[in-house]
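Chain and residue survey
These are the residues of each chain, in order.
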Amino acid sequence: MALHDAAWHDAQYNNRARVPEAGTLLLPRWAAASALARERMTCVLDEVYGSEPGETLDVFPARSDGAPVLVFVHGGWWRALDKSDHSFVAPAFVQAGAMVVVPNYVLCPAVSIEQIALQTTRALAWAWRNAPRYGGSRSRIVVAGHSAGGHLAAMLLACRWKMVADDLPPRLVHGALSISGVFDLEPIRQTPFLAPDLQLTPAAGRRLSPAFFPRPRGPLAALVGGLESEEFIRQNQLIRDQWGPSTVPVCEALPGLNHFTVLHDLVDPAGRAHAHALRLLGLDARA
């Protein structure tokens, strides 16, 4: 990758600056829709999945037993937002026949990205152990994530689960969906508005870049908004280039969508991201 200056990195990766209505309109809309989802749906909030403060998750039970499980990992550059901002993901997928889990994790700079990745492995272990209590099937757990959550989804797909706990299966994650994910953290390390909170060293950036991991079994669906920055579109293509089309069978830029509205496509039953999620969950009649 060619060398670029600090201003270029900020312009490429500061999505709130690129989409001015994010803070005034879109994120408040997410929070309002999420509050409504919690009010109207059956849900179990703040289940504890680990021993550290903040290791909690929300569960939206399936309507019948044996349902696939969607675990949605929120974004915010590992340093912002909350599971409570993302309950709006649940209604469409519960309606389609899934159980939905939305975990929290402690935010940078209180912890490192590496610690967050380990937290999410504990959340997935909790989902595997407890899915039957909420109508879910252990055999079909799919991780979806947005932005930093897309990075974590790829990390979880590549996880060696027997190193997390002896009782876990070798392949706990059936498949993953990354929406606007980042897979090479070196340019993130060089982005000024993020650097103070993330505190990435060159070695940590390399160690935490899924693009340079051994190729997992997959499948990973990699999606990005067609209106996103050149870097986000490059990152989305990078994971296909590095892991190959057999592991990343889906690699698409969705026309007309920015870094925030691309998540609306996930919860729209007519959306392309929604259709890809249903295929991974085994809920798409066309699959």
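Along the backbone of the chain there are 12 helices and eight strands. For the chain, whose C-alpha radius of gyration is 17 Å, the value lies close to the compact-globule estimate of 19 Å for 287 residues. Taking the principal axes of its C-alpha atoms as reference, the chain extends roughly 55 × 40 × 40 Å. Burial statistics for the chain: of 287 residues in total, 58% are counted as buried. Sequence separation of at least 24 residues holds for 77% of the intrachain contacts in the chain that already meet a minimum separation of 6. Surface accessibility of the chain: about 11500 Å² in total, with carbon and sulfur atoms responsible for 53%. For the chain, the centre of its 26 positive side-chain charges and the centre of its 26 negative side-chain charges are spaced 6 Å apart.

Let us now look at the side chain of N15. Relative to the helices and strands, N15 resides in helix 2 (residues 15–18). A polar contact of 3.4 Å, which involves the side chain of N15, links it to the side chain of H259. Every residue in contact with N15, bar those within four places of it in the chain, is listed here: W77, E228, F232, H259 and F260.

What follows deals with the pattern of salt bridges. Where charged atoms from two side chains of opposite charge approach closely, those side chains can pair. Throughout the structure, instances matching the rule amount to 10 salt bridges. Across the pair R189 and E186 runs a salt bridge, and its minimum N-O distance is 2.8 Å. Separated by three residues within a single helix, R189 and E186 lie in helix 7 (residues 186–189), roughly one turn from each other. Taking relative accessible area as the criterion, E186 reaches 24% and is therefore assigned partly exposed. Note that R272 and E252 form a salt bridge whose closest N and O atoms lie 2.6 Å from each other. Of this pair, R272 sits in helix 12 (residues 272–281) while E252 sits in strand 8 (residues 250–254); the two residues are 20 residues apart in sequence, bridging distant segments of the chain. A network of salt bridges, in which partner residues are shared, links D46, D58 and K83.

Let's shift gears to the packing of helix 1 (residues 6–13) against helix 10 (residues 230–243). The geometry of helix 1 relative to helix 10 is characterised by a closest axis approach of 7 Å and an angle of 75° between their N-to-C directions. In this view, helix 1 runs roughly perpendicular relative to helix 10, as classed from their interaxial angle. Facing helix 1, whose interface residues are W8, Q12 and Y13, helix 10 presents E230, E231, F232, R234 and Q235.

Turning to the packing of helix 5 (residues 113–130) against helix 6 (residues 148–157), a few remarks are in order. Remark: helix 5 packs on helix 6, axes separated minimally by 10 Å, with the N-to-C direction vectors making an angle of 60°. Pair helix 5 / helix 6 crosses with right-handed handedness. Residue-level contacts link I113, I116, A117, T120, T121 and L124 of helix 5 to H151, L152, M155 and L156 of helix 6. Split by residue class, the contact of helix 5 with helix 6 holds seven nonpolar, three polar and no charged.

Here we take up helix 5. Residues lying three or four places apart along an α-helix face the same way, a consequence of the helix completing one turn every 3.6 residues. With 18 residues, helix 5 should reach 26 Å at 1.5 Å per residue; the first-to-last C-alpha distance of 26 Å fits that figure. When you tally the buried positions in helix 5, you get 13 out of 18 residues, the bulk of the element.

Cut-off values and rules
Once a new chain begins, its residue numbering starts again from 1 and follows that chain's sequence as written. Restriction of local features to residues with pLDDT of at least 70 applies here, the model being predicted, together with a cutoff of 80 or more for giving and counting side-chain atom pairs; totals for whole chains, interfaces and linings are based on all residues. Side-chain metrics rest on all non-hydrogen atoms present in the structure, leaving aside hydrogens and water. Counting from the N terminus, the helices are the DSSP runs of H or I reaching at least four residues and the strands are the DSSP runs of E reaching at least two. Note on method: radius of gyration uses C-alpha positions; expected globular size equals 2.2 Å times residues raised to 0.38. Relative accessibility thresholds used throughout: buried, under 20% of the residue-type maximum; exposed, over 50%; partly exposed, between the two (1.4 Å probe, protein chains only). Two residues qualify as a contact provided that any one of their heavy atoms is within 4.5 Å of a heavy atom in the partner residue. Exposure was quantified through the Shrake-Rupley algorithm and a 1.4 Å probe, taking into account, for residues, occlusion by the shown protein chains and nothing else. Charge counting follows a simple rule: Lys and Arg are positive, Asp and Glu are negative, and His as well as the terminal groups are ignored. In this description, the location of a charge corresponds to atom NZ of lysine, CZ of arginine, CG of aspartate or CD of glutamate. Polar contact is the term for a pair of N or O atoms within 3.5 Å; when the atoms are in protein, one must be able to donate a hydrogen and the other to accept it, and sequence-neighboring residues count only if both atoms are side-chain atoms. Only one rule defines a salt bridge in this text: a Lys or Arg side-chain nitrogen within 4 Å of an Asp or Glu carboxyl oxygen. Each axis is a line fitted through C-alpha atoms, and for a helix only the stretch in contact is used; angles between axes span 0 to 180 degrees, taken between their N-to-C directions. By the definition adopted for this analysis, an angle is roughly parallel if under 35 degrees, roughly antiparallel if over 145, roughly perpendicular if from 65 to 115, and oblique otherwise. In this scheme the crossing of two helices becomes right-handed for a clockwise turn of the near helix relative to the far one and left-handed for an anticlockwise turn of less than a right angle. All amino acids are sorted into three groups, where Ala, Val, Leu, Ile, Met, Phe, Trp, Tyr, Cys and Pro are nonpolar, Asp, Glu, Lys and Arg are charged, and the leftover types, Gly among them, are polar. Every helix has an expected span of 1.5 Å times one less than the residues it contains.

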